[in-house]
Amino acid sequence: MSNSLSASKPATSHTTTRFSLPVLIAMGVLGDSIILIIPMLVSGWIVDRGFSEQQAGFLSSIEMCGLAAASVAGLYWLHRINWRKVAALALLGIIAGNVITLFINDYLLFASVRSLTGFCSGTLTALAWVAIAQTAQPERNFGFVITAEVLFAAIALWSLPYLMQQWGVNSAYLLLIFFATVVFTGISQIPSDHYHADSDTTNTSHIPWRALLVLLGLSCFFGAQSAVWTYVERIGDYSGLSADSIGQSLSLSNAAAITGAFIPVLMGLRFGRLIPIGINLLAQLAALSIIMSKVDYLSYVIALSLFNFSWNFIIPYILGLLADIDSSGKAMVVSGIFVWGGFATGPAIAAWLLNGNGYAVVCAIGAIGCIASFILLTPAAYKLKQLARQK
């Protein structure tokens, strides 16, 4: 792993070890962990803390806002502050935020703490992804990150229903505290700075307009995913499924997610990007149409499997599209703002429209977001296909 992390890079003060990649992968998983278990957290907020469904949706958005703000802050520390110091502060913030959360029941205070904890989580994610993007085989290594996230989600979503029956939603936060503490021990293994730390960070060249379309498509895509993912547990409950059945369904669907994450690594660009983008849209719409109304256990598993498969399948292609359009890397740096902004906006819109309208409106929001994403991504993918043919 050390070779895949350091090969073909210029010699700088940037140092790595054979443990660097595993630690960075763990940081990426931890930073995104709230997203991965949000259905169980929403249930816990409603059942244990007594928050309403709308309040739970807004809490999800508030935490995502913290994640998005961290992406903006990343533009400052990227070339200025030692990455190990950034990681240490982010991890301490995650630990402290989750410890404080254990003892809070007041909604406004709870929201404030979760927002700050989200900021720390977003900082950790930004650091992990920037470092992994510098590796000799970034697509392969990002595949490892996505796979690790899916495995974490599978284990967490399978076990949390049982743990929450015993200790409530605090069991999820105790899990994150333990995870962050373990990751903290590996800080010394990560790179201390950017490979090109002396690069000109004041360059003000514009991001290409096609890259902006891809960024907007990325935001619409993640907005659609988060709107549905936030309420997917509630949709199962509305259909009369037990908590155990819902947890098992969410965990089983992660097998499809693992498949979706691995296919781009194996298939690459053999079929270009337009076909995968189209497949993603069809799979998403099929999944949403199934859970638009009450479903049985098997239909619920199938819908969630399609949803999770397409979610993980398309991400590498969108990021690859963005990287090809903007070789300067500026679009990739700010992509986190659009990802987390979409994640924050989706549940907020769903919560706003949910009141008295039933969960079909959540599926409708997801479908609209997926279609908008397809429309925004297609021109850039088609243009690159044309350029590839001309070479």
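Fair warning: this is a prediction, and the values are worked out from it, not measured in the lab. The residue numbering used here restarts from 1 in each chain and proceeds along that chain's sequence as written. For this predicted model, a pLDDT threshold of at least 70 governs which residues receive local features, and a threshold of 80 or more governs which side-chain atom pairs are given and counted, while totals over whole chains, interfaces and linings are taken from all residues. Computation of side-chain values covers all heavy atoms of the structure but excludes hydrogens and water.

### Points about the side chain of aspartate 32
Definition in use: The helix count covers DSSP runs of H or I at least four residues long, the strand count covers runs of E at least two residues long, and both are numbered beginning at the N terminus. Three exposure classes are used, based on accessible area relative to the maximum for each residue type with a 1.4 Å probe and protein chains only: buried under 20%, partly exposed in between, and exposed over 50%. His residues and chain termini do not enter the charge count, which takes Lys and Arg as positive and Asp and Glu as negative. Note on definitions: salt bridges are taken to be side-chain nitrogens of Lys or Arg within 4 Å of carboxyl oxygens of Asp or Glu. Residue contacts are defined here by distance: any two heavy atoms, one from each residue, within 4.5 Å place the two residues in contact.
Structurally, the position occupied by aspartate 32 is in helix α2 (residues 20-36). Comment: no salt bridge for buried aspartate 32; closest opposite-charge side chain is arginine 114, at 12 Å. With residues near it in sequence (within four places) discarded, aspartate 32 still touches Thr125, Trp129, Glu149 and Trp340.

### Details of the packing of aromatic side chains
As a reminder of what qualifies: Two aromatic rings, drawn from Phe, Tyr or Trp (for Trp, its six-membered ring), form a pair once their centres lie within 6.5 Å of each other, and the interplanar angle then sorts them: stacked below 30 degrees, edge-to-face above 60, tilted otherwise. Sitting over a ring, as applied to charges here, requires NZ of Lys or CZ of Arg to be within 6 Å of the ring centre and within 35 degrees of the ring normal.
Per the stated rule, a full pass over the model turns up 11 aromatic pairs. Relative to tyrosine 107, the ring of phenylalanine 51 lies with its centre 5.2 Å away and its plane at 80 degrees, an arrangement referred to as edge-to-face. With phenylalanine 51 in the loop between α3 (38-47) and α4 (53-77) and tyrosine 107 in helix α6 (residues 107-133), this pair connects stretches of sequence that are 56 residues apart. Just as phenylalanine 51 is buried, tyrosine 107 falls in that class too. On the numbers, 6.2 Å between centres and 45 degrees between planes, the contact of tyrosine 231 with tyrosine 359 is tilted. Placement of the pair is tyrosine 231 in helix α9 (residues 209-238) and tyrosine 359 in the loop between α13 (330-354) and α14 (360-390), with a sequence separation of 128 residues. Across this residue pair, the class does not change: tyrosine 231 and tyrosine 359 are buried. One cation-aromatic arrangement involves lysine 294 over tyrosine 238; the distance from NZ or CZ to the ring centre is 5.0 Å.

### Some remarks on the packing of α3 against α4
Each pair of packed helices gets described by two things: the angle between the helix axes and the distance between those axes. This is how it is decided: To get an axis, fit a line to the C-alpha atoms, keeping to the stretch in contact for a helix; angles then go from 0 to 180 degrees between the N-to-C directions. Note on terminology: angles under 35 degrees are roughly parallel, angles over 145 are roughly antiparallel, angles of 65 to 115 are roughly perpendicular, and the others are oblique. Handedness of a crossing follows from how the near helix is turned relative to the far one, being left-handed for an anticlockwise turn of less than a right angle and right-handed for a clockwise one. Note that Gly is not counted as nonpolar here; it falls among the polar residues with everything else outside the nonpolar set of Ala, Val, Leu, Ile, Met, Phe, Trp, Tyr, Cys and Pro and the charged set of Asp, Glu, Lys and Arg.
One can describe the packing of α3 onto α4 by two numbers: an axis separation of 9 Å at closest approach and a directional angle of 135 degrees. Classified by the angle their axes make, α3 and α4 are oblique. Handedness of the α3/α4 crossing: right-handed. Across the interface between the two elements, Ile38, Val42, Trp45 and Ile46 of α3 pack against Glu53, Ala56, Leu59 and Ser60 of α4. Looking at side-chain class alone, the contact of α3 with α4 contains six nonpolar, one polar and one charged residues.

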